[in-house]
Amino acid sequence: MRTQVGIVGAGPAGLLLSHLLHLAGISSIVIDTRSREAIETTIRAGVLEQGTVDLMVETGLGNRLKREGFNHQGFELRFGGKGHRINVQALTGGRIITVYAQHEVLKDLIHARLAAGADIRFGVSQTSVHGITDEHPLIHFIDECGQPQQIRCDYIAGCDGFFGVCRQAIPEPIREEYFRVYPFGWFGILCNAPASSNELIYARHELGFALISTRSAQVQRMYFQCDPDQRPDAWSDDRIWAELQTRTAGDGFMLKEGPIFQKNVVAMRSFVCETMRHGRLFLAGDAAHIVPPTGAKGLNLAVNDIFILARALASSYATDSTELLDLYPATALRRIWRAQHFSWWMTTLLHRFEDATPFDRKRQLAELELVTHSISAATTLAENYAGTPLG
Ligand code: PHB
């Protein structure tokens, strides 16, 4: 097979890249080890920045998002038994966030790509990339029917996530990586219950962090800080509700409970691979960086990478100049490190650290007082949370 851009990974980064390239008249083939069904049903993040929503709407992906997404003008920080609203819209000159699940974004992308006749290969195995510093790199894989296949392309986009093969294809001695692991995870649940609040609640409690989010009028998403190697089935529903009620209590607030139909544990790590380009291989999304989910930045960062990469690829085909492509890592890394700092900061602001001294705990509360009472501190929080325009 021959295409202009071979894309490894049909997650948000890979599919959005294929979509934007198509709009620029550039061909691509997307491959993924997972089935279409697995991609369309796996529960992940849920918060879209204004810039992400704007791009989706401008490129014809906004119909269902506009109908089914929930617009949130702000969110709440809860600590010391009290809620404090951060009015994101007012503090950012009108930017809002939209709660719309990542797998819904993926359904919209797959639908749009297939309707435009895209070549997406689901359920492939043994993917490998070759000749990435040559003129025409190759992607090898075994297709769904067990047949070996080869794609010859001008460029390869490594959009295959943190555990993918593309980053590993960059020789280790030249791969520049930064890593931080947090000593806790998030226990996530999905339940059938009405929303307990109109906006997201980020709670800091002596027992640990909790987050109240939503998926629809009937389905709620909630998390609480837990041991990183916690087994999801070790917690009964009753124990989960007691923990969540305690961590969010105060001001007479009560969570509306309902049957829990999914439990999972999310790892918390910060990671950046600054070598986002090697020869004709470009990394984007989780293949190049991971943030802890506290700042709701993961999906939005992937979208920003792709916005920059798609524009750079289009420019290289249109002008024969690789200037924008050469600038891709430096351009993308600016926002990546901003989001790294913000996600780390939100995480340290709101979580319980086992080794924290009494001084550390008081300092953490003083910082929460600052961001909920100083307009300038709240503005910094709101600007980072809502995100700046893409690019
Ligand atoms: C979610 O709804 O899954 C969610 C919301 C906000 C976050 C992280 C996850 O910061």
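All residue numbers refer to position in the chain's written sequence, counted from 1. Since the coordinates come from a predicted model, pLDDT governs what is reported: local features require at least 70, and pairs of side-chain atoms require 80 or more to be given and counted, while whole-chain, interface and lining totals use all residues. Based on all heavy atoms of the structure, the side-chain values leave hydrogens and waters out of the count.

Description of unusual backbone geometry
- With a phi angle near 55 degrees, Asp251 is a residue other than glycine that sits in the positive phi range.
- Buried means the residue's accessible area, taken with a 1.4 Å probe over protein chains only, is under 20% of the maximum for its type, while exposed means over 50%, and partly exposed covers the values in between. By relative accessible area, which is 54% here, Asp251 ends up exposed.
- Located in the positive-phi region is Ala296, a residue other than glycine, with phi close to 55 degrees.
- For Ala296, the position within the fold is in the loop between strand E22 (289–290) and helix H8 (298–319). Strands are runs of DSSP state E lasting at least 2 residues, helices are runs of H or I lasting at least 4, and numbering of each runs from the N terminus.

Quick look at the packing of helix H9 (residues 323–350) against helix H11 (residues 375–386)
- Axis separation between H9 and H11 bottoms out at 11 Å; the angle between their running directions is 120 degrees. As far as their axial angle goes, H11 and H9 are oblique. For H9 against H11, the interelement crossing comes out left-handed. Residue-level contacts link Arg338, Phe342, Trp345 and Met346 of H9 to Leu381, Asn384 and Tyr385 of H11.
- When grouped by side-chain class, the residues that make up the contact of H9 with H11 number five nonpolar, one polar and one charged. Only C-alpha atoms enter the line fits that serve as axes; for helices the fit covers just the stretch in contact. Angles between N-to-C directions range over 0 to 180 degrees. Angle categories: roughly parallel below 35 degrees, roughly antiparallel above 145, roughly perpendicular from 65 to 115, and oblique for all the rest. Handedness of a helix crossing follows the sense of rotation of the near helix relative to the far helix, less than a right angle counterclockwise being left-handed and clockwise being right-handed. Only heavy atoms matter for contacts: two residues are in contact if any of them lie within 4.5 Å across the pair. Gly is placed with the polar residues, together with every amino acid not listed as nonpolar (Ala, Val, Leu, Ile, Met, Phe, Trp, Tyr, Cys and Pro) or charged (Asp, Glu, Lys and Arg).

Some thoughts on the domain arrangement of the protein chain
- Throughout, the edges of the domains are those of an automatic or database domain assignment. Domain annotation for the protein chain reports domain 1 (5–72 + 98–178 + 270–346) and domain 2 (182–268 + 352–386).
- Counting residues at the interface gives 23 residues for domain 1 and 23 residues for domain 2.
- Summed over both partners, the accessible area (1.4 Å probe) lost when two parts come together is defined as the buried area. Carbon and sulfur atoms make up 66% of the area that domain 1 and domain 2 hide from each other, which totals about 1800 Å².
- Taken as a group, Ile43, His72 and Trp345 account for 28% of the area that domain 1 buries against domain 2, more than any other trio of residues on that side.
- One side-chain nitrogen of Lys or Arg within 4 Å of one carboxyl oxygen of Asp or Glu is enough to make a salt bridge. On inspection of domain 1 and its partner domain 2, the count reaches zero salt bridges.
- Polar contact is defined as a pair of N or O atoms within 3.5 Å, subject to the rule that within protein one atom must be able to donate a hydrogen and the other to accept it, and that residues adjacent in sequence are counted only when both atoms are side-chain atoms. The tally of links from domain 1 across to domain 2 stands at six residue pairs in polar contact (both at pLDDT 80 or more).
- Within the residue set of the side of domain 1 that touches domain 2, elements represented by two or more residues are strand E4 (70–72) and H9.
- At five residues, the largest contribution of residues to the side of domain 1 that touches domain 2 is made by H9.

Quick notes on the site of the ligand
- Any residue with at least one heavy atom within 4 Å of a molecule or strand is counted as near it. Taken together, 13 residues form the shell around the ligand, and within it Tyr202, Ser213, Arg215, Tyr223 and Pro293 come nearest.
- Between the ligand and the protein, one listed contact pairs an oxygen atom with a side-chain N or O atom of Ser213 at 2.6 Å.
- Here the Shrake-Rupley method, with its probe set to 1.4 Å, supplies the accessible areas, and only the displayed protein chains count as covering residues. Bound to the protein, the ligand loses 98% of the 280 Å² it would expose on its own.
- Mapped by element, the contributors of at least two residues to the shell around the ligand are strand E16 (210–214) and strand E17 (219–226).
- Its residues placed into classes, the shell around the ligand shows eight nonpolar, two polar and three charged.

Some points on the pattern of salt bridges
- Scanning all chains against the criterion turns up 22 salt bridges.
- Between Asp32 and Arg34 there is a salt bridge whose closest N-O contact spans 3.0 Å.
- Classification of Arg34 as partly exposed rests on a relative accessible area of 28%.
- In this structure, Glu49 engages Lys297 in a salt bridge whose closest nitrogen and oxygen atoms are separated by 2.7 Å. A residue pair is termed long-range when its members are at least 10 positions apart, and Glu49 in the loop between strand E3 (47–48) and helix H3 (50–58) and Lys297 in the loop between E22 and H8 qualify at 248 residues.
- By sharing partners, the salt bridges in this structure join Arg64, Glu68, Glu104, Lys107 and Asp108 into a single network.

Observations concerning the sheet that holds strand E19 (residues 269–273)
- Any two strands are treated as partners once DSSP identifies two or more bridges connecting them. Strand order in the open sheet formed by three strands is E13-E19-E22, with antiparallel pairing between adjacent strands. Across the chains shown, the open sheet's two edge strands, defined by having one partner strand only, are strand E13 (177–181) and E22.
- Looking at chain direction, E19 and E22 are connected through two bridges and run antiparallel. Note that in E22 the partner of Phe271 across the bridge is Ile290.
- Each of E13, E19 and E22 touches H9; the most contacted strand, E19, lies at about 165 degrees to it.

Section: the nonpolar core
- Leu17 and Ile139 are the most contacted members of the largest nonpolar core, which totals 72 residues.
- The dominant element in this core, judged by the number of residues it contributes, is H8, at 10 residues.
- Once residues lying within four places of it in the same chain are set aside, the contact partners of Leu17 are Val5, Ile7, Ala157, Ile306, Leu309, Ala310 and Leu313.
- Core analysis: the next-biggest nonpolar cluster, separate from the first, contains 32 residues, Phe209, Tyr223, Val371 and Ala382 among them. Each nonpolar core is a collection of buried residues, namely Ala, Val, Leu, Ile, Met, Phe, Trp, Tyr and Cys, held together in the definition by side-chain atoms within 4.5 Å.

Quick look at the sheet that holds strand E7 (residues 97–99)
- Spatially, three strands are ordered E3-E7-E4 in an open sheet, and the strand pairing comes out antiparallel. The strands lining the two open edges of the sheet, one partner per strand, are E3 and E4.
- Bridge count between E3 and E7: two bridges; the pairing is antiparallel. When the bridges of E7 are listed, Val47 appears paired with Val99.

Re the pairing of strand E10 (residues 138–142)
- Here E10 shows a buried face lined by Ile139 and Phe141 and an unburied face lined by Leu138, His140 and Ile142.
- Both E10 and strand E11 (residues 148–152) contribute to a ladder of five bridges, which runs antiparallel. For His140, the partnering residue across the bridge sits in E11 and is Gln150.
- What sits between E10 and E11 in their antiparallel hairpin is a turn of five residues, with Gly146 showing a positive phi close to 85 degrees.

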